[in-house]
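# Structural features, examined
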Amino acid sequence: MQRPGIRAKFVRDLLLLRFMVRLIFLFKIRRFYFMRDPVRELDTWTRDELDYRREAANCKLLYENSLLTPSESVPNVYWDFTTSRVLTMDFLEGWSVADYLRMLESGDQARLDELKANGFVPAIFSANVISNFLSDAFRFGVFHADLHPANLLILKDNQVGYVDFGIVA
């Protein structure tokens, strides 16, 4: 669910950034001319990500592709309950790669053993991430473009779960 008022906050922040870029060009501060393109891109991506229907459409596309790949899992979207501010989809039960890295860092052997009992083998899981990415890109021409430890879930037997579909290419 999108927090009430968050769109207005983003619009305000983006207006401030665009104003700063105008000042940079007005005062001819050439060292910072490069900021124009990143601010434009941030503006475009942020506006897209604030509409959860777009994220749902990205998720649906990747979900359909994942049905042909047993090593990946993408949640199904429930369109009847999805709006521009509410995204409703299946819940994937697993650990994020960020969780796994924290377990390693803290030496949480009990949770690491739980992962291992669930069939987790880091080398196989990593190979699945790479294989899934390449398969999605080359077989289907579309891929999850925001892969980071919080968006990758470790599911049973090294299946890769994906979340956060705001950026898909």
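Residues numbered from 1 in each chain as written. Predicted model: local features only at pLDDT ≥ 70, side-chain atom pairs only at ≥ 80, totals over all residues. Heavy atoms only, no water.

## Some thoughts on the overall build of the protein
From N to C terminus, the protein includes six helices and four strands. For the protein, the succession of helices and strands along the chain, N to C, is α-α-α-β-β-α-α-α-β-β. Computed over C-alpha atoms, the radius of gyration of the protein comes to 20 Å, more than 25% over the 15 Å expected from 2.2 N^0.38 for 169 residues, which places it beyond the range of a compact globule. Seen along its three principal axes, the alpha-carbon backbone of the protein occupies a region of about 60 × 40 × 35 Å. Evaluated residue by residue, the protein yields a buried proportion of 33% over its 169 residues. In the protein, the proportion of contacts linking residues at least 24 apart, taken out of those at least 6 apart, comes to 61%. (Helix = DSSP H or I, 4+ residues; strand = E, 2+ residues; numbered from the N terminus. Rg over C-alpha atoms; globule rule 2.2 N^0.38 Å. Buried < 20%, exposed > 50% of the residue type's maximum accessible area, 1.4 Å probe, protein only. Contact = heavy atoms within 4.5 Å.)

## Considerations on the sheet that holds strand β1 (residues 72-73)
Read across the sheet, four strands follow the order β1-β4-β3-β2 without closing on themselves; strand pairing throughout is mixed. Unpaired on one side and paired on the other, β1 and β2 (95-96) mark the two borders of the sheet. In terms of strand pairing, β1 meets strand β4 (residues 160-162) through two bridges, oriented parallel. Within β4, the residue paired with Glu72 across the bridge is Val160. (Pairing = 2+ DSSP bridges.)

## Observations regarding the packing of helix α4 (residues 97-106) against helix α5 (residues 109-117)
When two helices pack together, their arrangement is captured by the angle between the axes and the distance separating the axes. Between α4 and α5, the least distance of the axes is 8 Å, while the angle of their chain directions is 135°. One element, α4, and the other, α5, form an angle in the oblique class. Viewed along their axes, α4 and α5 form a crossing whose handedness is left-handed. Contacts between α4 and α5 pair Tyr100, Met103 and Leu104 from the former with Arg111, Leu112 and Leu115 from the latter. (Axes fitted to C-alpha atoms, helices over the stretch in contact; angles between N-to-C directions. Parallel < 35°, antiparallel > 145°, perpendicular 65-115°, else oblique. Left-handed = near helix turned anticlockwise from the far one by under 90°.)

## Some remarks on unusual backbone geometry
The phi dihedral of Lys28 falls on the positive side, at around 55°, and the residue is not glycine. Locating Lys28 in the fold gives a position in the loop between α1 (6-26) and α2 (36-49). Taking relative accessible area as the criterion, Lys28 reaches 54% and is therefore assigned exposed. Even without being a glycine, Asp164 presents a positive backbone phi close to 65°. Looking at the secondary structure, you find Asp164 in the segment after β4. Look at Asp164 and you get partly exposed, because its relative accessible area is 27%.

## Thoughts on the environment of Leu50
Among the structural elements, Leu50 can be located in the loop between α2 and α3 (52-66). Residue class for Leu50 comes out buried when judged on its relative accessible area of 11%. Taking the C-alpha atoms as reference, Leu50 lies 6.9 Å from Arg7; in sequence the two are 43 residues apart.

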